[in-house]
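# Report on the structure
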Amino acid sequence: MSGTLYLVPTPIGNLGDVSQRAREILAAADFIAAEDTRVTLKLLNHLGLKKPLISYFEHNKAQRGAQILERLEAGENCALVTDAGTPAISDPGEDLVKLCAQTGVPVCPLPGPCAAVTAISASGLPTGRFCFEGFLSTAKKSRREHLEALREEQRTMIFYEAPHKLLATLEDFSRVFGPEREISLCRELTKIHEEFYRATIGEALARYRETDPKGEFVLVVAGKPEAEPASASEAQAAQRVQELMAQGLSRKDAVKQAAQELGVSRNAVYAAALEV
Ligand code: SAM
């Protein structure tokens with residue numbers, strides 16, 4: 001019978017956030033696959049655990065993934081950890097989980113620290129519907145394309161960003177979403193200097209043109225607001241269009257007449273009439 005791949009989230013800053021279950025799984029696993037074994041060794045020392053460690057990261061994942069799968073299929077249990085947070089979320093793990101899913105090896109995820117969820121929960125922005133956008137590409141073209149695809153997005157958006165790229169990213173946000181859009185810059189989560197800076201994109205830009213950004217950031221950006229409701233006279237015009245159409249006028253003529261009667265532009269009346 002094959003073993004299980006456990007996905008074990010680790011603290012994103014505060015060591016107190018390792019769960020009891022994470023400790024137990026790390027202690028019981030046959031081996032631990034880690035993004036950076038030196039980082040994980042520190043965590044294991046903190047927990048008083050000594051376990052066989054192998055590395056699994058972006059540049060060895062193809063070959064190392066196959067080796068891990070072989071061991072899992074032979075019946076060993078593996079705990080996968082990254083440097084911080086939840087494996088497979090902008091971190092190595094996605095490919096290994098896919099391999100397991102394809103070959104029928106059980107995958108057991110533990111809930112735990114994740115910068116994206118921690119950030120949005122306290123962002124002050126709508127949490128009912130959101131989308132996770134991860135890191136923007138460093139390549140100008142794909143970065144632009146990524147942001148352009150989000151121009152009409154109405155859900156709250158979550159981005160990861162490194163401090164040295166923050167200013168350029170805020171400039172791109174301002175260009176695509178506009179300087180008035182609300183943003184919450186969630187910095188150094190769970191650490192001593194934890195901060196939630198809730199502002200408009202324009203205000204954040206002004207701040208970070210003056211001050212060097214320091215620490216780790218999650219950027220939570222409000223979605224595009226729904227279209228403004230029609231103004232009173234437009235709403236009146238829309239109603240008039242309906243009356244005129246009920247009297248037998250075509251939509252085109254009704255819009256024309258209502259616009260004339262109420263002194264509202266034909267386009268506005270037409271848009272309001274469609275909304276009704
Ligand atoms: N898998 C991790 C998770 O579940 O959050 C994310 C790993 S990703 C490589 C690292 C990025 O997450 C950082 O560049 C930053 O944007 C964000 N991040 C991680 N820890 C953070 C913290 N304590 N405060 C703010 N952002 C953090």
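Residues numbered from 1 in each chain as written. Predicted model: local features only at pLDDT ≥ 70, side-chain atom pairs only at ≥ 80, totals over all residues. Heavy atoms only, no water.

### Details of the domain arrangement of the protein
So the rule is basically this: These domain boundaries are the output of an automatic or database domain assignment.
One can read the domain layout of the protein as domain 1 (5-113), domain 2 (116-221) and domain 3 (232-275). Taking only C-alpha atoms into account, the centre of domain 1 sits 63 Å from that of domain 3.

### Focus on the environment of Thr127
Defined as follows: Strands here are runs of E lasting at least two residues and helices are runs of H or I lasting at least four, both read from the DSSP assignment and numbered beginning at the N terminus. For the exposure calls, accessible area comes from a 1.4 Å probe over protein chains only, and a residue counts as buried if that area is under 20% of its type's maximum, exposed if over 50%, partly exposed in between.
In this fold, Thr127 is placed in the loop between α5 (115-121) and β6 (130-135). Looking at Thr127, the relative accessible area reads 42%, which means it is partly exposed. Distance from Thr127 to Val117, taken between C-alpha atoms, is 9.8 Å for residues 10 residues apart in sequence.

### So, the layout of surface pockets
Keep this limit in mind: The rule is simple: put a 1 Å grid over the protein atoms alone, call a set of points where a 1.4 Å probe fits but cannot get out a cavity, call an open set with protein on both sides within 12 Å along at least five of seven lines a pocket, and count a residue as lining if it has an atom within 4 Å of a point. Grid points are joined across faces, edges and corners, and a volume is the space filled by probe spheres set on the points. Gly is put with the polar residues, along with every residue not named as nonpolar or charged; the nonpolar set is Ala, Val, Leu, Ile, Met, Phe, Trp, Tyr, Cys and Pro, and the charged set is Asp, Glu, Lys and Arg.
In this model, the largest pocket occupies a volume close to 490 Å³. Looking at the lining of the largest pocket, the elements that each hand over two or more residues are β7 (156-161) and β10 (217-221). Counting only domains with at least three residues in the lining of the largest pocket, you end up with domain 1 (5-113) and domain 2 (116-221). Empty space within the second largest pocket amounts to approximately 250 Å³. Taken together, 14 residues form the lining of the second largest pocket, with Pro11, Leu15, Val39, Leu43 and Asp83 sitting closest to its centre. Residue composition of the lining of the second largest pocket, by class: 6 nonpolar, 6 polar and 2 charged.

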